[in-house]
Amino acid sequence: AVGAPMAGRPANLAWRKEAGVIALLGGNQAVWQFNCQSGQGRLFFHAVAVAGGPVLTWDQPKDHPWHRALWFSWKFINGVNYWEPNAQGGTLDGRTEWSDMQSDLRPDFSARLSMEIAYRPADGAPVLKERRVIAISAPAQDGSYSMDWQMTFTALNKAIVFDRTPLPGEPEGKPWGGYAGLSVRLAKNLREFQATSAEGPIRFQDDTYRVRSSAMDCAGSFEGRQAGVAILDHPQNTPSPTPWYLIRGPEMKYFSPAVIQEGPRHLNPKESFTLRYRVIVHPDLWSGEKLKEALASYAGDG
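Since the model is a prediction, treat every value here as computed from it, not as a measurement. (Residues numbered from 1 in each chain as written. Predicted model: local features only at pLDDT ≥ 70, side-chain atom pairs only at ≥ 80, totals over all residues. Heavy atoms only, no water.)

S.K.: Before we move on, could you go through the overall build of the chain and cite the residues and values that matter?
M.R.: Check the secondary structure of the chain and you find 1 helix and 22 strands. Taken over C-alpha atoms, the radius of gyration comes to 18 Å for the chain, in line with the 19 Å a tight globule of 302 residues would show. C-alpha atoms of the chain, sized along the principal axes, occupy 50 × 45 × 40 Å. Counting the 302 residues in the chain, one finds 54% classified as buried. (Helix = DSSP H or I, 4+ residues; strand = E, 2+ residues; numbered from the N terminus. Rg over C-alpha atoms; globule rule 2.2 N^0.38 Å. Buried < 20%, exposed > 50% of the residue type's maximum accessible area, 1.4 Å probe, protein only.)

Right under this line is the structure:
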């Protein structure tokens, strides 16, 4: 299985844990680092690297400083923007706050992170809560590993509408519309970028691409070494297969299982739903067949 610990796994692994930082180190570099500092406004992973290999993510690029490498964010909750700061004061109108941060860092260098998250408008009480659990495998011999994300969202006392920037063809639609959810901003030094779905290679007509698939891999050459990040959509997610949002700009390489891309999602008071994804960090370039193999393993894990 991808990420299963093996006798020859990468050497010099060690844990680092301090205020607001949980990381697996491989020598002097983070294999992965989870950032949960109070006051930063976001939970995110950066760096994300192949063990013993290059860093694959970019945190706070100048073009979109609210992009936090590997992170989850809604766009609009009940009309309030949780994604990017407002233009007036540069602060977030929608606040994401966390508590009860737990980390089980194991001797085999696998880990389990869990937390409670509250979503609230800047001037009000929380309207939505989330229970998030991220199970991270130990790096395999080739430096690959997986992160299993499980996020359960529960409306509090009000009905909830999750929404996004409208798509082209919708009222006030934008060419860049549709994004929200789990997101990856790939490293600035990525070259020879390629995207592959479970159905095969993505052939971009322009810089933005939208498609439905059960899995997506974005990869290329980082510091002269081939590597990539795959995201698998759990078959119990709704909708399934998920819509994807990809950007292949001159500097911006971004992808996301954009769960509300095709339309808003509604929750009644006290109602819940769960999203599950597997993120796989790997060396080399993956084919659609490789993604299908990983999907079969993910579905088999329940």
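Having seen it, we continue.
S.K.: Run through the sheet that holds strand β4 (residues 44-48), naming residues and quoting values.
M.R.: Strand pairing within a sheet occurs via backbone hydrogen bonds; the two strands may be parallel or antiparallel. Pairing in this open sheet of 9 strands is antiparallel, and the strands run β1-β2-β3-β4-β5-β13-β20-β19-β16 from one edge to the other. Edge positions in the sheet fall to β1 (13-18) and β16 (208-213), since each has one partner strand and no second. With strand direction ignored, the average angle separating the axes of adjacent strands in the sheet is 15°. The pairing of strand β19 (residues 242-248) with strand β20 (residues 253-257) spans 5 bridges and is antiparallel. Residue pairing across strands places I247 opposite Y254, the latter belonging to β20. (Pairing = 2+ DSSP bridges. Axes fitted to C-alpha atoms, helices over the stretch in contact; angles between N-to-C directions.)

S.K.: Tell me what's going on with unusual backbone geometry, and back it up with residues and numbers.
M.R.: With an omega of 5°, the peptide bond between H46 and A47 qualifies as cis. Looking along the chain, the bond that leaves S240 and enters P241 is cis, with omega of 0°. Locating P241 in the fold gives a position in the loop between β18 (225-233) and β19. In the Ramachandran plot, Q60 falls in the positive-phi region, its phi being about 55° despite a non-glycine side chain. Mapped onto the fold, Q60 is located in the loop between β4 and β5 (70-73). In this model, K270 sits at a positive phi of 75°, which is unusual for a non-glycine residue. Judged by relative accessible area, K270 falls into the exposed class, the value being 56%.

S.K.: So what about the sheet that holds strand β21 (residues 265-267)? Which residues, and what values?
M.R.: Strand order across the open sheet formed by 4 strands is β7-β6-β12-β21, with antiparallel pairing between neighbours. Here the strands that pair on one side only, and so sit at the sheet edges, are β7 (80-81) and β21. Relative to β7, strand β6 (residues 76-77) runs antiparallel, the two sharing 2 bridges. Note on β7: the bridge partner recorded for I77 is V80.

Shape descriptors only; they carry no functional weight alone.
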